[in-house]
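Read off the chains here:
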Amino acid sequence: MTIKPLYDRVLIERVEEEEKTAGGIIIPDSAKEKPTKGKVIAVGNGVRADSGEIVPLAVKAGDTVLFAKWGGQEVKVDGKDLIIMKESDIIAVEEAA
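Residues numbered from 1 in each chain as written. Predicted model: local features only at pLDDT ≥ 70, side-chain atom pairs only at ≥ 80, totals over all residues. Heavy atoms only, no water.

(A) Structural context of the overall build of the protein chain. Counting secondary structure elements, the protein chain contains zero helices and eight strands. Written out in order from the N terminus, the α and β elements of the protein chain read β-β-β-β-β-β-β-β. Every one of the 97 residues in the protein chain was classed for burial, and the buried ones make up 25%. Taking contacts inside the protein chain between residues at least 6 apart in sequence as the whole, the part at least 24 apart equals 61%. Accessible surface, the protein chain as shown: approximately 7000 Å² in total, 53% of it carbon and sulfur. (Helix = DSSP H or I, 4+ residues; strand = E, 2+ residues; numbered from the N terminus. Buried < 20%, exposed > 50% of the residue type's maximum accessible area, 1.4 Å probe, protein only. Contact = heavy atoms within 4.5 Å. Areas by Shrake-Rupley, 256 points an atom, 1.4 Å probe, with all protein chains shown as cover.)

Following this line, the structure appears as structure tokens:
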């Protein structure tokens with residue numbers, strides 16, 4: 001099944017964080033927080049401006065993004081946990097150094 005977000009919505013797959021700290025301590029699953037970093041899987045067409053024109057989103061499929069901890073709606077697609085959120089809930093796009 002494929003999902004195509006509408007308007008200014010973005011479909012994101014969470015990126016798992018490191019399982020141990022810099023000091024080598026392994027973090028158990030029960031103590032881990034949900035990651036706030038993910039990869040954009042699909043984006044909507046954009047948002048309609050007051051002029052009626054469609055303004056495309058700033059993010060695109062394949063981008064790695066940081067998002068609000070409690071942002072979006074979780075969905076399960078083909079056994080994967082994904083998030084659908086508004087583009088405005090995305091805090092930043094990670095760029096290669």
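(B) Quick look at the environment of Ile3. Relative to the assigned elements, Ile3 resides in the segment before β1 (9–14). The class of Ile3 is partly exposed, set by a relative accessible area of 28%. Setting aside anything within four residues of it in sequence, one finds Ile3 in contact with Leu11, Ala42, Val77 and Ile84.

(C) Region of the structure containing the pairing of strand β5 (residues 64–67). Every second residue of β5 is oriented toward a common face, the buried set being Val65 and Phe67 and the non-buried set Thr64 and Leu66. The pairing of strand β2 (residues 37–43) with β5 spans three bridges and is antiparallel. Looking at the pairing, Gly38 lines up with Val65 of β5. As defined by bridge partners, β5 adjoins strand β8 (residues 90–94) across four bridges and the pair is classed as antiparallel. (Pairing = 2+ DSSP bridges.)

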